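Observations on the three-dimensional arrangement
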Amino acid sequence: MGVGMNRIPTKIVHYSDPHPLETTGGVQTFARNLRLLFEEVEYMTPNSRDVERVVRERIPVICDNQYVMRWPESYPVIGFQHGVGQVKYETIKTVRRWLTARAQRHASERPNVLWVANSQWVAETFKRIYGNRVDHVIYYPIDVQRFDGRLENQDSRLILHDARTKHKGKKPVAQLTEAFRDWKIEFLNCDNSQVHERMRRARAFIHLSTYEGNSVVCNEAMAMNLPCMLTRVGLMQDKNRPEDVFIVEVEEMFSDREKLVARFREFLTSLDRRSYNPRAWTLSNATLEIAIERWKEVMRDYGKMAGCDYVT
């Protein structure tokens with residue numbers, strides 16, 4: 001927490017599945033980071049949901065998008081849009097993704113929801129597909145004192161990535177690892193508490209994904225001021241997207257090995273010729289202080305819906 005930075009003096013419930021303290025991922029990181037923004041956060045899942053107590057105590061509930069349907073329609077909730085299920089399904093055609101897209105479609109029709117999105121692109125895409133209004137956009141906040149931008153990477157040959165799955169770029173990253181053996185292209189494989197230290201010693205970060213909403217790990221890499229090679233998805237399609245990053249097209253990275261290798265070589269060459277400063281975007285758009293102020297606006301609007309003052 002920054003010096004003099006006060007969390008919002010409100011207790012909230014975060015509702016999702018699985019439990020964010022027991023699993024990993026960007027959505028889970030968002031949920032854990034709510035503890036840096038609000039005075040008290042209680043995590044509920046389908047196994048621990050206590051509707052009666054929440055309604056009785058009038059506790060604000062922040063739901064992962066489609067989970068707004070798990071609460072009585074008469075009770076106002078906050079729906080946080082991490083990504084667009086329909087777009088993800090078009091990219092990754094699995095039954096699970098189809099079910100998520102269908103659930104989000106139903107959720108868009110629920111009354112008594114204050115919608116918040118993690119990027120302008122997500123907000124506009126939901127409005128275009130489903131017609132539901134998004135009231136607030138809050139980029140995933142980063143603790144810029146922890147991710148401080150102080151790199152210790154002189155002569156480093158380490159390029160970090162987060163290609164955990166097929167759609168996160170597992171195949172193209174493997175191809176780059178084979179083609180550029182003089183570089184250490186390694187998976188960001190460490191405990192969440194050590195991510196900033198692992199990034200500190202890297203030369204750059206790459207994220208070759210076919211789909212994103214707003215990637216937390218990309219925001220963390222930018223906050224550390226690492227040169228970033230990123231596909232034009234999610235936040236990178238935002239009107240207010242980070243400019244000081246190396247943008248590549250999905251088709252080039254996944255369908256054309258020759259272009260993939262050429263573009264990565266171009267990125268590596270740029271490391272000694274260009275002074276990347278993606279941290280500037282984070283400082284202007286995605287700090288904890290900025291998030292606190294924007295969540296205060298959300299809570300004021302939520303208070304109007306609920307008939308209760310949560311922020312003075």
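For the structure itself, look to the data block above.
Residue positions are given per chain, counting from 1 as you read along its sequence in written order. Reporting in this predicted model follows two pLDDT cut-offs: at least 70 for local features of residues, and 80 or more for side-chain atom pairs to be given and counted; totals over whole chains, interfaces and linings ignore these cut-offs and use all residues. Based on all heavy atoms of the structure, the side-chain values leave hydrogens and waters out of the count.

**A short note on the overall build of the protein chain**
When helices and strands are counted, the protein chain shows twelve helices and eleven strands. C-alpha atoms of the protein chain, sized along the principal axes, occupy 60 × 45 × 35 Å. Each residue is assigned to one of three classes by its accessible area relative to the maximum for its type, calculated with a 1.4 Å probe on protein chains only: buried under 20%, partly exposed between the two thresholds, exposed over 50%. The 312 residues of the protein chain split such that 55% are buried. Residue contacts follow a heavy-atom distance rule, with two residues in contact if any of their heavy atoms lie within 4.5 Å. Considering only contacts in the protein chain between residues 6 or more positions apart, those separated by 24 or more positions represent 69%. Exposure was quantified through the Shrake-Rupley algorithm and a 1.4 Å probe, taking into account, for residues, occlusion by the shown protein chains and nothing else. For the protein chain, the exposed surface amounts to about 14,500 Å²; the carbon and sulfur share of it is 44%. As used throughout, the charge tally considers Lys and Arg to be positive and Asp and Glu to be negative, leaving His and the chain termini uncounted. Lysine's charge is taken at NZ, arginine's at CZ, aspartate's at CG and glutamate's at CD. The centroid of the 47 positive side-chain charges in the protein chain is displaced by 3 Å from the centroid of its 41 negative side-chain charges. A run of H or I in DSSP counts as a helix once it spans at least four residues, and a run of E counts as a strand once it spans at least two, with each numbered from the N terminus.

**Quick word on a nonpolar patch on the surface**
The patches reported here contain residues having more than 30% relative accessible area and no salt bridge. Joining distances are 9 Å for like charges and 5 Å for nonpolar side chains (Val, Leu, Ile, Met, Phe, Trp, Tyr). Throughout this description, the term salt bridge denotes a Lys or Arg side-chain nitrogen within 4 Å of a carboxyl oxygen of Asp or Glu. Residues V95, W98 and L99 make up a contiguous nonpolar surface patch of roughly 290 Å² in combined accessible area. Here W98 shows up in helix α4 (residues 95–107). A relative accessible area of 40% places W98 in the partly exposed class.

**Notes on the pairing of strand β5 (residues 113–117)**
With five of five residues buried, β5 is to be regarded as a mostly interior element. Burial along β5 is two-sided: V113, W115 and A117 and L114 and V116, pointing in opposite directions, are all buried. Strands qualify as paired when DSSP identifies two bridges or more between them. Relative to β5, strand β4 (residues 77–81) runs parallel, the two being bridged by five bridges. The partner of I78 across the bridge, within β5, is L114. Direction of pairing for β5 relative to strand β6 (residues 136–137): parallel, over a ladder of two bridges. Bridged to A117 within β6 is V137. Consider the strands pointing away from the viewer: the crossover is right-handed when the path from the first strand over the helix to the second runs clockwise. For the crossover from β5 across helix α5 (residues 120–130) to β6, the handedness is right-handed.

**Remarks on the environment of D182**
Looking at the element boundaries, D182 is found in the loop between α6 (170–179) and β8 (184–187). For the pair D182 and R157, spaced 25 residues apart in the sequence, the C-alpha separation amounts to 7.8 Å.

**Regarding the pairing of β4**
Buried residues dominate β4, accounting for five of its five residues. Burial along β4 is two-sided: the residues V77, G79 and Q81 and I78 and F80 are all buried.

**Concerning α4**
Between the first and last C-alpha of α4 there are 18 Å, a value that for 13 residues agrees with the 18 Å anticipated at 1.5 Å per step. All buried positions along α4 are accounted for by R97, A101, Q104 and A107. For α4, the buried positions fall inside an angular range of 120° around the axis, keeping them on one side. Contacts made by the buried residues of α4 are with α3 (85–91), β5 and α5. What a helix should span is 1.5 Å times the count of its residues minus one. The arc in question is formed by the directions pointing from the helix axis toward the C-beta atoms.

**Comments concerning the sheet that holds strand β3 (residues 61–64)**
With respect to topology, six strands assemble into an open sheet ordered β2-β1-β3-β4-β5-β6, the strand pairing being parallel. Taken across any chain shown, the strands that pair with only one partner, and hence form the sheet edges, are β2 (38–44) and β6.

**Observations concerning empty space enclosed by the protein**
Whether a set of points on the 1 Å grid over the protein atoms alone is a cavity depends on a 1.4 Å probe fitting there but being unable to get out, while an open set qualifies as a pocket with protein on both sides within 12 Å along at least five of seven lines; lining residues are those with an atom within 4 Å of a point. Grid points are joined across faces, edges and corners, and a volume is the space filled by probe spheres set on the points. Enumeration according to the criterion identifies one cavity of 30 Å³ or more in this entry. The computed volume of the largest cavity comes to approximately 90 Å³. In terms of lining residues, the largest cavity is bounded by H207, E212, N214, S215, C218, N219, L230, T231, V233, G234, L235 and M236. Each residue is assigned to one class: nonpolar for Ala, Val, Leu, Ile, Met, Phe, Trp, Tyr, Cys and Pro, charged for Asp, Glu, Lys and Arg, and polar for all the others, Gly among them. Tallied by class, the residues present in the lining of the largest cavity amount to five nonpolar, six polar and one charged.

**Topic: the nonpolar core**
In terms of nonpolar packing, the biggest core is built from 51 residues, with L34, F38, V61, I78 and W295 touching the most fellow members. Counting only elements with at least two residues in this core, the list comes to β1 (8–15), α1 (26–33), β2, β3, β4, β5, α5 and α12 (288–306). When residues in this core are grouped by element, the largest group, seven residues, is from α12. Once residues lying within four places of it in the same chain are set aside, the contact partners of W295 are I8, F30, L34, L37, F38, I62, I78, F80 and I138. The criterion is simple. A nonpolar core is a set of buried Ala, Val, Leu, Ile, Met, Phe, Trp, Tyr and Cys residues joined through side-chain atoms within 4.5 Å. The next biggest cluster of nonpolar side chains, apart from the first, holds 25 residues, and it includes Y139, I142, F147 and A286.

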